[in-house]
Amino acid sequence: MFEYEIDRMNHAQLVREAAVRRLSREAAASAARESHRSGRRSGDRAADRDAEGPADGDGSGRFVRAA
């Protein structure tokens, strides 16, 4: 094979590898954006905060757990 053809094949391989890396980064970023948009990251913490707490109104210091 000519040196030019080998160089072109190497270049094509590098382009394919770069595309795979770029697509995987974009997929990861998209998944992160989707989790932020759906509120899974901060929503879970808010749900945990409301799951337990002092019983309202009676002032006896008892705690209740949400069902």
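This one's a predicted model, so the numbers in the text were calculated from it and none came from an experiment.

Notes on the overall build of the protein chain
Secondary structure summary: the protein chain contains two helices and two strands in total. Residues counted as buried form 4% of the 67 residues belonging to the protein chain. In the form shown here, the protein chain has an accessible surface area of approximately 6,200 Å², with 54% of it arising from carbon and sulfur atoms.

Brief notes about the pattern of salt bridges
Counting across every chain of the model gives one salt bridge. For the salt bridge of Arg-22 with Glu-26, the shortest nitrogen-to-oxygen distance reads 3.2 Å. You can see Arg-22 and its partner Glu-26 sitting in helix H1 (residues 3-38), four residues apart, about one turn around the helix. Overall, Glu-26 belongs to the partly exposed group, its relative accessible area being 41%.

With respect to the side chain of Ser-35
Locating Ser-35 in the fold gives a position in helix H1. Under the relative-accessibility criterion, Ser-35 is labelled buried at 17%. One polar contact links the side chain of Ser-35 to the main-chain carbonyl oxygen of Ala-32, over a distance of 2.8 Å.

Thresholds applied
- Throughout, a residue's number is its position along its own chain's written sequence, starting from 1.
- In keeping with the predicted nature of the model, local features appear solely for residues at pLDDT of at least 70, side-chain atom pairs appear and are counted solely at 80 or more, and the whole-chain, interface and lining totals rest on all residues.
- The side-chain values count all of the structure's non-hydrogen atoms but skip hydrogen atoms and water molecules.
- Here a strand is any run of E in DSSP of at least two residues, a helix any run of H or I of at least four, and the numbering for each starts at the N terminus.
- For the exposure calls, accessible area comes from a 1.4 Å probe over protein chains only, and a residue counts as buried if that area is under 20% of its type's maximum, exposed if over 50%, partly exposed in between.
- Surface accessibility in these figures is a Shrake-Rupley result with a 1.4 Å probe; residues are shielded only by whichever protein chains are displayed.
- Put simply, a salt bridge is a Lys or Arg side-chain nitrogen that is within 4 Å of an Asp or Glu carboxyl oxygen.
- N or O atoms closer than or at 3.5 Å make up a polar contact, with two conditions inside protein: a donor-capable atom paired with an acceptor-capable one, and, for residues adjacent in sequence, both atoms drawn from side chains.

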